[in-house]
Amino acid sequence: MKYDENYYHERNLNNLERIDKLLDDLPPYIEDFLRGVETRTSTLTRMNYCYDLRIFFYFLSVRKFHGKSVKEITLDEIGSVTDTDLEIFLSWLSHYQYNGKRLSCDERAKARKLSTVRSMYKYFFNKGLIEVNNSTKVATPKLHEKEIIRLEGNEVSSILDVAEYGSELSAHARGYHDKTKIRDIAILTLFLGTGIRISELVGLNNESIDFSNNSFIVTRKGGNQSILYFSDEVRDALEAYMEQKQCDKAIAPDEHALFLSLQYRRITVRAVENLVKKYAKIVSPLKKITPHKLRSTYGTNLYRETGDIYIVADVLGHKDVNTTRKHYAAITEDHRRSVANAVRLHKKDDDE
């Protein structure tokens, strides 16, 4: 099975370019930190580290070191930051100004930024470049479980019907519908039938699909490759789309991307997000359905059918089954409801 990695190579190069630009706004030793964690992190993770640290050092500049330039904050000064300073930082994140904008972080964003700061402190502490690591004394913000939002059975059918027939689309959307509906059905079916991540879907190439085994190869988070399998329903949708592509003379012979935009380029993450939103708001206007929610829909349905959390974790590519359990434990409500009448308090005459 052939697999073209150009998409992921280009994406990593773009991330590295962004990292270089972000480093211009950070102290020079942050480059050492990023180099130190390079072998165990992705370019996306390191880029997010830079975004988080840019906010952290801005906080230190305006609140701890009295307007001192971020680039001039030394490692000795980093070592002088107390656990109380870090707690103030987390509180400050609730409502702050940066680059003229008013911003705020929820508990999850705070936890991520604290995790980034801890990684930085751990690196410099282990290197012996700071004497204490006060970040270990700061409690992680409590994360409240979010409700699992997903499509129910009738909504799954409805979103595919809307994509096929274009019912209730706006006049503007209907203008493009005939050109995109086969592609859109294939994308929605792939999400709902395999639980693929949006980054994995966008990165698929024609060579990724093996119809002889109803399988395809994806690059997971962290760069590992896995083979996933799909149903005949998914196969039919993919074959219909690929047949349409074969008849389109405007597609360049050397174009490897599976899903293309109207401009005949690899479809972007943003375009897929907008595509899902367009159809989902018709079917379920009160739910904020995203590609990840379609993934959750698949995970939920797979767990309901198999009752095996380990299979769900493996198919979805979760490294830790507890991640899967946390996301899909809500399904147990179905089981609770089904056994609600299993225990009777008053025996009937027939039970005597």
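Residues numbered from 1 in each chain as written. Predicted model: local features only at pLDDT ≥ 70, side-chain atom pairs only at ≥ 80, totals over all residues. Heavy atoms only, no water.

Caption draft 1: Spotlight on the overall build of the chain. Summing up its helical and strand segments, the chain has 15 helices and five strands in all. Overall size of the chain, expressed as C-alpha extent along the three principal axes, is 80 × 65 × 40 Å. Residue burial in the chain is summarised as follows: out of 352 residues, 42% are buried. Within the chain, contacts between residues separated by at least 24 positions form 63% of all contacts whose residues are at least 6 apart in sequence. When the accessible area of the chain is evaluated, it comes to approximately 20,400 Å², of which 48% is carbon and sulfur surface. Separation of charge centres in the chain, based on 54 positive and 51 negative side chains, amounts to 5 Å. (Helix = DSSP H or I, 4+ residues; strand = E, 2+ residues; numbered from the N terminus. Buried < 20%, exposed > 50% of the residue type's maximum accessible area, 1.4 Å probe, protein only. Contact = heavy atoms within 4.5 Å. Areas by Shrake-Rupley, 256 points an atom, 1.4 Å probe, with all protein chains shown as cover. Lys, Arg positive; Asp, Glu negative; His and termini not counted. Charge placed at Lys NZ, Arg CZ, Asp CG, Glu CD.)

Caption draft 2: Region of interest: the packing of helix 12 (residues 291–306) against helix 13 (residues 309–316). At their nearest, the axes of helix 12 and helix 13 sit 9 Å apart, and the two run at 150° to each other. By the angle between their axes, helix 12 is roughly antiparallel relative to helix 13. By crossing handedness, the relation of helix 12 to helix 13 is classed as right-handed. Residues R295, Y298, G299, L302, Y303 and T306 of helix 12 pack against I309, I311, V312, V315 and L316 of helix 13. Considered class by class, the residues forming the contact of helix 12 with helix 13 number eight nonpolar, two polar and one charged. (Axes fitted to C-alpha atoms, helices over the stretch in contact; angles between N-to-C directions. Parallel < 35°, antiparallel > 145°, perpendicular 65-115°, else oblique. Left-handed = near helix turned anticlockwise from the far one by under 90°. Nonpolar A, V, L, I, M, F, W, Y, C, P; charged D, E, K, R; others polar.)

Caption draft 3: Representation of the pairing of strand 4 (residues 215–219) within the structure. The element strand 4 is largely enclosed, with a buried count of five among its five residues. Taken together, the two bridges between strand 3 (residues 209–210) and strand 4 define a ladder with antiparallel strand orientation. Each bridged residue has a counterpart across the sheet, and for I209 the counterpart in strand 4 is F216. From the end of strand 3 to the start of strand 4, which pair antiparallel, there are four residues, and N214 there has a positive phi angle of about 50°. (Pairing = 2+ DSSP bridges.)

Caption draft 4: Seen up close, helix 13. Looking at helix 13, one finds that the buried residues are I309, V312, A313 and L316. Viewed end-on, helix 13 has its buried residues packed into an arc of 100°, placing them on one side of the element. Across from the buried face of helix 13, at angles greater than 90 degrees, the exposed residues are Y310 and D314. Where helix 13 starts, the residue carrying a side-chain oxygen 2.9 Å from the main-chain nitrogen of Y310 turns out to be D308. (Arc of directions from axis to C-beta. Polar contact = N/O pair within 3.5 Å; in protein donor to acceptor, adjacent residues only side chain to side chain.)

Caption draft 5: How the structure looks around the side chain of D184. Position of D184 relative to the elements: it lies in helix 8 (residues 171–194). D184 sits in the buried class, given a relative accessible area of 0%. Residues within four places of D184 in sequence aside, it is in contact with L275, K278 and Y279.

Caption draft 6: Here's a closer look at helix 2 (residues 29–36). Taken together, the buried positions of helix 2 are Y29, I30, F33 and L34. Projected onto a plane normal to the axis of helix 2, the buried residues spread over an arc of 150° and lie on a single side. On its buried face, helix 2 is in contact with helix 1 (6–23), helix 3 (43–64), helix 4 (75–79) and helix 6 (107–126).

Caption draft 7: Molecular detail of the packing of aromatic side chains. The final tally for this structure, using the stated rule, is 17 aromatic pairs. With a centroid separation of 5.2 Å and 50° between ring planes, the pair formed by F59 and W92 is classed as tilted. Of the two residues, F59 sits in helix 3 while W92 sits in helix 5 (residues 83–92), which places them 33 residues apart along the sequence. Each member of the pair, F59 together with W92, is buried. Look at F216 and F230: their rings are 6.0 Å apart centre to centre, the planes differ by 25°, and that puts the pair in the stacked class. On the criterion of sequence distance, the pair formed by F216 in strand 4 and F230 in the loop between strand 5 (225–229) and helix 10 (232–246) is long-range, its members being 14 residues apart. Judged by relative accessible area, F230 falls into the buried class, the value being 6%. (Phe/Tyr/Trp six-rings, centres within 6.5 Å; stacked < 30°, edge-to-face > 60°.)

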